[in-house]
Every structure is written in C-alpha cells, then in structure tokens.
Amino acid sequence: MPPNQTSWQSFEELRQAAESGDAASQCYLGICYQTGQGVALDYAEAVKWLRRAAEQNDASAQCYLGVCYQAGLGVPQEFGEAAKWFREAAEQGDPAAQFNLGVLYETGQGVTQNYAEAVKWYHAAAERGEPQAQFNLGVFYETGQVVPQDYAEAVKWYTAAAEQDISPAQCNLGLCYQTGRGVEQSDAQAVKWFCRAAKQGDKTAQHNLGLYYASLETKAPAEGAEAEASAEPSTEAS
C-alpha cells in the first residue's frame, strides 16, 4: 500500500492500510469511527486510530484528536491536551485547528487566556477561508478589542463569513449596512443580509427585520398625511 493513499476500494482495504501504518488511512478510519460512517460509532476506537496518525504528524488527525479531548469523546475531557494537539496541527497550517486554538485562547480553556493569541490564530485561519474564524475576527475589529477598531476591516471579514452562510456574520453585516459603519449605508443591503440570517433562524436578524418593517408601516401613514396636506388648495385671500 503506497503511503498517503486517500482512496480505498473497500472498508477492509482502508483498515488494512491503516494497520500497515499509513497515516492518511489511520486518520480516515478514526473519522469513520468518530462519525459512525460505514461502521458502528465508537469514540474510543476513533481516538486509537487518530492518535496513531497524529503521532505521525498528520495535521487532520491532530485536529480531530484535539476535538476528542475538547469534547471528552473517547477520552476524559482535557483542554490542555486539546490545546496541545490543536497547536501541532495549527502550526502546520490546518485552518480548523487554528480556529479551535483561537477559541481556547479566547476562553482560557487549557491555556492562559490571551486575546492577542486568539486574534493571531483567528487571523491565520480566516486567511485560509475558515468562516467561523472570519466572523470572530470581524467581531474583534468591530469592537476594537486587541486590534485597532476598524469597521471597514470588520465588514471585510463579516462579508467573507456571510458568503459562507454564517448567520451571525450575515446579521452583523446587515447592521453595518443599516448604520453605515465601514460601508456605505444601504437599507436594501441590510435587509438582504438580515433575511439570509433570519432564514437560518438567527433571532437577532429576525428581530431587526421586524423593526425595519414596522418602521416602514409607521412611515407610510405619515408620508401620506404630508402628501394630502401639500395637495390641499390654498384658502388664503389673494
């Protein structure tokens, strides 16, 4: 079996490749056990195979193994171990691991809380297209925490995440358009993004849409009254 093979003709062929020491096969076999894909769900067995691949420096396996420790799947929950494996994968450029490591730094789980480190890893993951990292990075730029407040930069990252259907990013982007923060004010764009988030069940976006439509209902009668007043003939003496 050649090393790093990523396709197999059968589950048995996959297992044989994993048992022969192929890291990619071990990683995929571990994922199968973790997700119940083609085999009975077995977190302990997942950890066994993911660990074998992770110890061969397979970044995907390291990230998945970190998730096991983070969530307590097949092993006792241990954030320090999660951070260890996320870091191994993050330093190899794995975007999911970079995002997960950023979360641990932001929350202070398994590592000393450090927002600057969180932003560092979110930025690395965001540059590689990880949508949740893009959203989180946008929040940091909008609030000006750790980084200089920069609404345009926030809009940039919200847009990247929103286009990948991250509903909180869509909602925040809608707010940016509604208020004109970091982008030219546009009610049409605001409604567009509120609608996309609302369809995914985002309650804040649903609330914002309700407020917007309520304001239109209030505005319409007032405009109608003004139009009637301006159309009335003058009764002043000539």
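Please refer to the structure higher up on the page.
Positions within a chain are numbered from 1, following the residues in the order the chain's sequence is written. A pLDDT threshold of at least 70 governs which residues receive local features in this predicted model, and a stricter bar of 80 or more applies before side-chain atom pairs are shown or counted, although totals over entire chains, interfaces and linings include all residues. Excluded from the side-chain calculation are hydrogens and water; included are all heavy atoms of the structure.

S.K.: Provide a residue-level description of unusual backbone geometry, including the pertinent values.
M.R.: The backbone phi angle of Asn57 is positive, close to 75 degrees, even though this residue is not glycine. Classification of residues uses two cut-offs on accessible area relative to the type maximum, computed with a 1.4 Å probe and protein chains only: under 20% is buried, over 50% is exposed, and between them is partly exposed. With relative accessibility at 42%, the residue Asn57 sits in the partly exposed group. Positive phi is not limited to glycine here, since Val146 has a value of about 75 degrees. With a relative accessible area of 46%, Val146 lands in the partly exposed category.

S.K.: Got a sec to walk through helix H2 (residues 23–35)? Specific residues and values, please.
M.R.: In an α-helix there are 3.6 residues to a turn, and that puts residues three or four apart on one side. Working definition: helices are DSSP H or I runs of at least four residues, strands are E runs of at least two. Numbering for both runs from the N terminus. Take the residue count of a helix, subtract one, and multiply by 1.5 Å to get its expected span. Its 13 residues give H2 an end-to-end C-alpha distance of 18 Å, which sits within 8% of 18 Å, the value for a rise of 1.5 Å per residue. Most of H2 sits out of view: 11 of its 13 residues are buried. Buried residues of H2: Ala23, Ala24, Ser25, Gln26, Cys27, Leu29, Gly30, Ile31, Cys32, Tyr33 and Gln34, and no others. Any two residues whose heavy atoms approach within 4.5 Å are treated as being in contact. Tucked into the core, H2 has its buried residues touching helix H1 (11–19), helix H3 (43–54) and helix H4 (59–71).

S.K.: So, the pattern of salt bridges: which residues are in play, and what are the values?
M.R.: Where charged atoms of side chains with opposite charge meet at close range, the side chains can pair. The rule for a salt bridge is simple: a side-chain nitrogen of Lys or Arg has to be within 4 Å of a carboxyl oxygen of Asp or Glu. For the coordinates displayed, the defined rule picks out five salt bridges. Arg196 is paired through a salt bridge with Asp165; the nearest N and O atoms lie 3.0 Å apart. You can see Arg196 sitting in helix H11 (residues 187–199) and its partner Asp165 sitting in the loop between helix H9 (151–162) and helix H10 (167–179), a full 31 residues away along the chain. For Arg196, a relative accessible area of 32% gives the class partly exposed. Overall, the relative accessible area of 41% leaves Asp165 in the partly exposed class.

S.K.: Break down the packing of aromatic side chains for me, with residues and values.
M.R.: Working definition: a ring pair exists when centres of Phe, Tyr or Trp rings (six-membered ring for Trp) sit within 6.5 Å. Plane angles under 30 degrees give stacked, over 60 give edge-to-face, the rest tilted. Tallied over the full model, the rule gives six aromatic pairs. Consider the rings of Trp8 and Tyr28, whose centres lie 5.2 Å apart with planes at 20 degrees: the pair is stacked. Taken together, the residues span a long stretch of sequence, with Trp8 in the segment before H1 and Tyr28 in helix H2 at a distance of 20 residues. A relative accessible area of 19% places Trp8 in the buried class. When its relative accessible area of 30% is taken as the criterion, Tyr28 is described as partly exposed. Centre to centre, the rings of Phe135 and Tyr158 are 6.0 Å apart; their planes meet at 35 degrees, and the pair counts as tilted. Linking Phe135 in helix H8 (residues 131–143) with Tyr158 in helix H9, this pair joins segments that are 23 residues apart in sequence. Across the pair, exposure class does not vary: Phe135 and Tyr158 are buried alike.

S.K.: So what's going on with H4? Residues and values would help.
M.R.: Look at H4: 18 Å from first C-alpha to last across 13 residues, which is about the 18 Å you get at 1.5 Å a residue. Residues Ala59, Ala61, Gln62, Cys63, Leu65, Gly66, Cys68 and Tyr69 constitute the buried set of H4. Those residues of H4 that are buried lie in contact with H2, H3, helix H5 (79–90) and helix H6 (95–107). For this analysis, a polar contact is any N or O atom pair within 3.5 Å, provided that within protein one partner can donate a hydrogen and the other can accept it, and provided that sequence-adjacent residues contribute only side-chain to side-chain pairs. Its side-chain oxygen placed 3.1 Å from the backbone nitrogen of Ser60, Asp58 serves as the N-cap of H4. Of the residues one or two after H4, Gly72 is the one with positive phi, at around 70 degrees.

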